[in-house]
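Below, each chain spelled out in residue letters.
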Amino acid sequence: MTDPVPALAGPDFRSKPTLSGPRVLLRPVTADDVPALLPMFHDPEASRLTGNHAGGGDAPDEARLREWYATRGDQDDRLDLAVVDRATGHVVGEVVLNVWDPGNESCNFRICLVPGTYGQGLGTEATRLIVGHGFEKLGLHRVSLEVYAFNPRARRAYEKVGFVAEGVLRDALLWEGERVDATVMSVLAPEWSRHRGMPAVP
């Protein structure tokens, strides 16, 4: 009789880090961040870009959001961090590693910023910080995301960090009568080890 093979230790999602870059600070998100994040849930454009049918007038109220964010620090299968603009000290969004697939050492990534903060490079830096943490500290092999065809700005930001398009999910979203494709993108650990989130993007 052979001894059982010990289970591989998974990433430590229960440890919620603070990650610092030149322009943004990522730290554990809390219920006290909800007032700053509320515009993200009520902005029609943010809902469109993320394909969130529950956004706008159907968005959860502040009390429900506080309940949700109060539990983020206890999660052992995902990482939710607030994005803080270092120049102002204001919370301007969130980044998340979720949908942890232990058998394949992979995670999904998503980011959302509050209105008025797009196009300043904050999202690109925040993405680079948390994805780097995923590979360099959590030991992930693959980080993936989906981006809709009507969001080329986000796709460009992902490409700057090293995400590569893998394929298209046709008509993945029905938005106000229009069917929209989604592109699946990913970055792999060997790629990250080469460029550290700074690939040569034409």
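Residues numbered from 1 in each chain as written. Predicted model: local features only at pLDDT ≥ 70, side-chain atom pairs only at ≥ 80, totals over all residues. Heavy atoms only, no water.

Caption draft 1: Expanded view of the overall build of the protein. Per the secondary structure count, the protein includes six helices and eight strands. Secondary structure elements of the protein, listed N to C terminal, follow the sequence β-β-α-α-α-β-β-β-α-β-α-β-β-α. Scaling as 2.2 N^0.38, a compact globule of 202 residues should have a C-alpha radius of gyration of about 17 Å, and the protein matches this with 17 Å. Seen through its C-alpha atoms, the protein measures out along the principal axes to roughly 60 × 35 × 35 Å. The buried share of the protein, reckoned over its 202 residues, is 46%. Contacts spanning at least 24 positions in sequence make up 65% of the contacts within the protein whose residues lie at least 6 apart. For the protein, the accessible area works out to roughly 10,700 Å², and carbon and sulfur atoms hold 52% of it. In the protein, the 22 positive side-chain charges and the 28 negative ones have mean positions that sit 6 Å from each other. (Helix = DSSP H or I, 4+ residues; strand = E, 2+ residues; numbered from the N terminus. Rg over C-alpha atoms; globule rule 2.2 N^0.38 Å. Buried < 20%, exposed > 50% of the residue type's maximum accessible area, 1.4 Å probe, protein only. Contact = heavy atoms within 4.5 Å. Areas by Shrake-Rupley, 256 points an atom, 1.4 Å probe, with all protein chains shown as cover. Lys, Arg positive; Asp, Glu negative; His and termini not counted. Charge placed at Lys NZ, Arg CZ, Asp CG, Glu CD.)

Caption draft 2: Seen up close, the environment of Leu 65. Within the fold, Leu 65 resides in helix α3 (residues 62–70). A relative accessible area of 4% places Leu 65 in the buried class. The contact partners of Leu 65, leaving out residues within four places of it in the chain, are Val 34, Leu 38, Phe 41 and Pro 60.

Caption draft 3: Spatial organisation of the sheet that holds strand β5 (residues 106–113). Taken in spatial order, the eight strands of this open sheet run β1-β2-β3-β4-β5-β6-β8-β7, and their pairing is mixed. Each having just a single partner strand, β1 (19–20) and β7 (164–175) make up the two edges of the open sheet. With seven bridges joining them, strand β3 (residues 79–85) and strand β4 (residues 90–101) adopt antiparallel strand pairing. In the strand pairing of β4, Asp 80 is matched with Val 96. In this fold helix α1 (residues 34–42) packs onto β4 and β5, with an angle of close to 70° to the strand it touches most, β4. (Pairing = 2+ DSSP bridges. Axes fitted to C-alpha atoms, helices over the stretch in contact; angles between N-to-C directions.)

Caption draft 4: The pattern of salt bridges, seen in detail. Evaluated as defined, the whole model comprises eleven salt bridges. In this structure, Arg 66 and Asp 32 form a salt bridge, with 3.7 Å as the shortest nitrogen-oxygen distance. Linking Arg 66 in helix α3 with Asp 32 in the loop between β2 (24–28) and α1, this pair joins segments that are 34 residues apart in sequence. Using a relative accessible area of 30% as the deciding quantity, one classes Arg 66 as partly exposed. Accessibility expressed as a relative area gives 63% for Asp 32, which makes it exposed. The closest approach of N and O atoms between Glu 136 and Arg 196, which form a salt bridge, is 3.9 Å. (Salt bridge = Lys/Arg side-chain N within 4 Å of Asp/Glu carboxyl O.)

Caption draft 5: The arrangement of the confidence of the model for the protein in detail. Summarising the model, the protein shows a mean pLDDT of 92, and 92% of its residues fall at 70 or more. Across residues 1–8, confidence stays below pLDDT 50; counting only partners more than four residues off in sequence or on other chains, it has zero contacts. (pLDDT = per-residue confidence, 0-100.)

Caption draft 6: Inspection of the state of the cysteines at higher detail. This model, assessed by the stated rule, comprises zero disulfides. Looking at Cys 107, it has no disulfide partner, and the nearest cysteine sulfur is the one in Cys 112, 19 Å off. For Cys 107, a relative accessible area of 2% corresponds to the buried category. Note on Cys 112: relative accessible area 13%, which makes it buried. (Disulfide = S-S within 2.5 Å.)

Caption draft 7: Region of interest: the nonpolar core. In this structure, Leu 97 and Phe 109 are the most contacted members of the largest nonpolar core, which totals 45 residues. Residue contacts for Leu 97: discarding those within four places in its chain leaves Phe 13, Arg 78, Leu 79, Cys 107, Asn 108, Phe 109, Ile 130, Gly 134, Leu 138, Leu 140 and Val 143. Listed in part, the seven residues of the second largest apolar core include Leu 49, Tyr 148, Trp 175 and Val 180. (Core = buried A, V, L, I, M, F, W, Y, C linked by side-chain atoms within 4.5 Å.)

Caption draft 8: Summary view of unusual backbone geometry. Even without being a glycine, Glu 105 presents a positive backbone phi close to 50°. As for its placement among the helices and strands, Glu 105 is situated in the loop between β4 and β5. Its identity is not glycine, yet Glu 176 carries a phi of approximately 50°, on the positive side. Positionally, Glu 176 belongs in the loop between β7 and β8 (178–188).

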